[in-house]
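# Descriptive structure summary
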Amino acid sequence: MAKLGKPAHLQFLELLSRAEKEGWGFHEQIVKAAGLMKRLGVNPELASEMMETAGEKVTRRRMEPGEVRRVVNWIYSGEAEVRPYDNPKAGVKVEQKLIDEFSKGGSIKHLKAASDPIPQTAKDILEELYDEAALLHLSAHHCQPRDVKTRKQWTDGDLSDRQYICPAHLKSIELGRCKANVDYRHWIVYESDRVGLAGNWNAQAGVIKRLSKELPLKLVTWSGNVSLHSWFDCRTRRKDHVQDFISLCVQLGADPACLRPAQLVRLPWGIRSSNQKIQKVIYYAN
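The notes below deal with the structure included here. (Residues numbered from 1 in each chain as written. Predicted model: local features only at pLDDT ≥ 70, side-chain atom pairs only at ≥ 80, totals over all residues. Heavy atoms only, no water.)

### Some points on the overall build of the chain
Along its length, the chain carries 10 helices and 12 strands. Within the chain, the proportion of its 286 residues that are buried is 48%. Expressed as a percentage of contacts within the chain between residues at least 6 apart in sequence, the contacts between residues at least 24 apart total 70%. When the accessible surface of the chain is split by element, carbon and sulfur atoms take 52% of a total near 14600 Å². A distance of 5 Å separates the average location of the 44 positive side-chain charges in the chain from that of its 35 negative side-chain charges. (Helix = DSSP H or I, 4+ residues; strand = E, 2+ residues; numbered from the N terminus. Buried < 20%, exposed > 50% of the residue type's maximum accessible area, 1.4 Å probe, protein only. Contact = heavy atoms within 4.5 Å. Areas by Shrake-Rupley, 256 points an atom, 1.4 Å probe, with all protein chains shown as cover. Lys, Arg positive; Asp, Glu negative; His and termini not counted. Charge placed at Lys NZ, Arg CZ, Asp CG, Glu CD.)

### Some thoughts on the pairing of strand S8 (residues 228-233)
For S8, the buried fraction is high: six of the six residues fall into the buried class. Burial along S8 is two-sided: the residues Leu228, Ser230 and Phe232 and His229, Trp231 and Asp233 are all buried. Note that strand S6 (residues 187-190) and S8 share four bridges and pair antiparallel. Bridging from a neighbouring strand, tryptophan 187 pairs with aspartate 233 of S8. As defined by bridge partners, strand S7 (residues 217-222) adjoins S8 across five bridges and the pair is classed as antiparallel. Residue pairing across strands places tryptophan 222 opposite leucine 228, the latter belonging to S8. A loop of five residues connects S7 with S8, the two strands running antiparallel in sequence, and glycine 224 in this loop sits at a positive phi of about 90°. (Pairing = 2+ DSSP bridges.)

### Some points on the sheet that holds strand S12 (residues 281-284)
In space, the four strands of this open sheet follow the order S6-S8-S7-S12, with antiparallel pairing throughout. Two strands in the sheet have a free side with no partner beyond their single neighbour: S6 and S12. Adjacent strand axes in the sheet meet at a mean angle of 15°, parallel and antiparallel pairs treated alike. (Axes fitted to C-alpha atoms, helices over the stretch in contact; angles between N-to-C directions.)

### Describing the packing of helix H2 (residues 26-39) against helix H3 (residues 44-55)
At a closest axis distance of 11 Å, the pairing of H2 and H3 adopts a crossing angle of 145°. Crossing hand, H2 versus H3: right-handed. The residues of H3 that touch H2, namely those facing Phe26, Ile30, Ala33, Ala34 and Met37, are Ala47, Met50, Met51 and Gly55. Partitioned by chemical class, the residues of the contact of H2 with H3 number eight nonpolar, one polar and no charged. (Left-handed = near helix turned anticlockwise from the far one by under 90°. Nonpolar A, V, L, I, M, F, W, Y, C, P; charged D, E, K, R; others polar.)

### Things to note about the side chain of histidine 186
Looking at the element boundaries, histidine 186 is found in the loop between strand S5 (182-184) and S6. Apart from the residues within four sequence positions on either side, histidine 186 is in contact with His169, Phe232, Asp233, Cys234 and Arg235.

All quantities given are derived from atomic positions and should not be read as evidence of function.
Below you can see the structure in the form of structure tokens.
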């Protein structure tokens with residue numbers, strides 16, 4: 001029986017509105033829709049049939065065989081976890097005064113000078129950051145959520161066309177890159193193209209320096225455009241501290257999408273396809 005509350009059609013309209021506002025990919029939309037159908041008490045077989053019918057109308061990319069049913073089985077099995085600490089605290093918003101305070105004294109020159117020796121290829125970076133059995137998603141384009149391999153499989157192959165990485169450790173090859181398939185993450189990535197920070201390397205360095213007081217800074221990659229992607233180590237911290245850090249990132253102008261557990265970020269030493277510029281690593285900590 002469906003749960004009491006808003007009518008089902010209104011809940012689906014709200015879900016569609018969030019998908020458009022937050023830029024969910026096709027696979028993430030399947031996961032969210034399956035979760036809503038479960039909460040509404042829809043039989044899993046019927047849920048699969050309804051979503052497969054709807055998916056046939058999607059033109060952005062084709063469904064892979066069994067994709068919807070794998071997600072539905074995953075969601076209905078209860079294995080998909082809800083982890084509130086992966087999100088900023090409720091009501092947190094950008095604080096321009098904090099951005100101004102911490103960006104004012106920044107120095108990209110000092111940030112680079114503080115670096116340890118930097119691994120010089122994407123392969124070297126991945127071998128430093130991940131065990132060989134870690135399941136990872138690397139992508140040449142935003143709409144390739146299914147491409148999951150072990151780190152060793154990636155680094156034994158050709159990475160020249162890969163410009164994105166999902167920093168999180170994934171649970172399975174079959175489910176691809178989606179929040180429900182995130183096992184855990186060692187890295188939180190801060191990035192901002194906010195006015196006043198975009199292209200202002202000293203200002204971004206100041207914000208990164210402030211964030212590094214909360215979590216250890218591991219590396220900084222140039223996006224190939226107007227921003228820096230800064231990787232922070234969240235492995236050994238309490239979950240409430242991780243949420244505090246994510247909230248601070250939002251206050252300091254972070255792109256909210258970049259903070260999502262299954263989000264893509266720029267692959268260190270990848271090549272940005274739009275301008276063929278190398279996503280150079282400018283800072284690394286051993």
